Amino acid sequence: SNTSYYDRINNQVVDYSTLIPASFIAQSFHPLYPHYPAHAVFAQTQTVTAQEFRVQSANPDSNFKWIGGGYASLAKQTMFENIFDPDFSAIIQTVFNQTVLQKYGMDVIQPGNIIYDARHIAKDKQVAGFGEVSYKMFDNLTFTVGGRYSKMIVALQSTQTGPFNGGITTNTSG
C-alpha cells in the first residue's frame, strides 16, 4: 500500500507596468504616466491525495505469478488572479477621451482599482484497478497478460471579469 499527499501554495506579485499600457493603448509607456503602477497578484493552491494498494503472489520461484490492485486519487487546484491598476481610468480617459465604462462597457472593479479578476477551481477524481498474470513456460519464455481500467472525472469552474477580460465570462464543466 502506498499513500501520498501533496500540498502546495504559491503566491506571487507580477509587475504589469508595461503590459497593461501596451495591451490597451498600444504602447508600453505614456509620458504622462512615467511610473505606471499596475501589478497582478496570483494565489494558487494545489492538493493531491492518492492511495494505491496491491496484492501479489508470494512465491518468487513459482512459474505462475500474479499481481492485482487499485488506485484512487483526489486533486484540487485553485488559481486566483487580480490585476490592480490605480491609473487605468485616468490613462483611458487621457488617450481615448472616454471613461472605462464608455470604452469597454464595464468599469474598474472597486475597491482596489481591479481591471481583471479571475477565479479558477479544478477538481479531479480518479479510480483504477489493475492486474497481471504471468506463466513461465520455459526458462526463456514467459507468457504475460495484464490490464488496467481507470475512470477519471474532471470538474472546472472558471469566472473572469473586468475590462481587461472584456466583461464577465463563466465556464463550468464536469
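Anything mentioned here points back to the structure above.
Just so you know, these numbers come straight off a predicted model, no measurement behind them.

Each helix and strand counted, the protein chain has three helices and six strands in total. Its helices and strands taken in sequence order, the protein chain reads β-α-β-β-α-α-β-β-β from the N to the C terminus. Relative to the compact-globule value of 16 Å for 174 residues, the protein chain shows a C-alpha radius of gyration of 27 Å, a clear excess of over 25%. Structurally, the protein chain occupies a C-alpha span of about 85 × 30 × 25 Å along its principal axes. Evaluated residue by residue, the protein chain yields a buried proportion of 27% over its 174 residues. In the protein chain, the share of contacts with a sequence separation of at least 24, taken over all contacts with a separation of at least 6, comes to 69%. Once the 11 positive and 12 negative side-chain charges of the protein chain are each reduced to a mean point, those two points are 10 Å apart.

Moving on, we come to the pattern of salt bridges. By the definition in use, this model includes two salt bridges. Among the salt bridges present, the one from Asp117 reaches Arg119, with a minimum N-O distance of 3.3 Å. Across the pair Asp139 and Lys136 runs a salt bridge whose closest N-O atoms are separated by 4.0 Å. Given a relative accessible area of 31%, Lys136 falls into the partly exposed group.

What follows concerns a nonpolar patch on the surface. Taken together, the side chains of Val55, Phe64, Trp66, Val133, Tyr135, Met137, Phe138, Leu141, Phe143 and Val145 define a hydrophobic patch exposed on the protein surface, amounting to about 960 Å² of accessible area. Every element with two or more residues in the nonpolar patch is listed here: strand 3 (64–84), strand 4 (114–138) and strand 5 (141–161). Position of Val55 relative to the elements: it lies in strand 2 (residues 39–56).

Note that strand 1 (residues 2–15) and strand 2 share 14 bridges and pair antiparallel. Within strand 2, the position partnered with Tyr5 by the bridge is Thr49.

Residue placement: Arg148 occurs in strand 5. Among all residues touching Arg148, those that are not within four sequence positions of it are Tyr71, Gln126, Ala128, Gly129 and Phe130. A distance of 3.2 Å separates a polar atom in the side chain of Arg148 from a polar atom in the side chain of Gln126.

The rules behind these values
Residues numbered from 1 in each chain as written. Predicted model: local features only at pLDDT ≥ 70, side-chain atom pairs only at ≥ 80, totals over all residues. Heavy atoms only, no water. Helix = DSSP H or I, 4+ residues; strand = E, 2+ residues; numbered from the N terminus. Rg over C-alpha atoms; globule rule 2.2 N^0.38 Å. Buried < 20%, exposed > 50% of the residue type's maximum accessible area, 1.4 Å probe, protein only. Contact = heavy atoms within 4.5 Å. Lys, Arg positive; Asp, Glu negative; His and termini not counted. Charge placed at Lys NZ, Arg CZ, Asp CG, Glu CD. Salt bridge = Lys/Arg side-chain N within 4 Å of Asp/Glu carboxyl O. Patch = residues over 30% accessible without salt bridge, like charges linked within 9 Å, V, L, I, M, F, W, Y side chains within 5 Å. Areas by Shrake-Rupley, 256 points an atom, 1.4 Å probe, with all protein chains shown as cover. Pairing = 2+ DSSP bridges. Polar contact = N/O pair within 3.5 Å; in protein donor to acceptor, adjacent residues only side chain to side chain.

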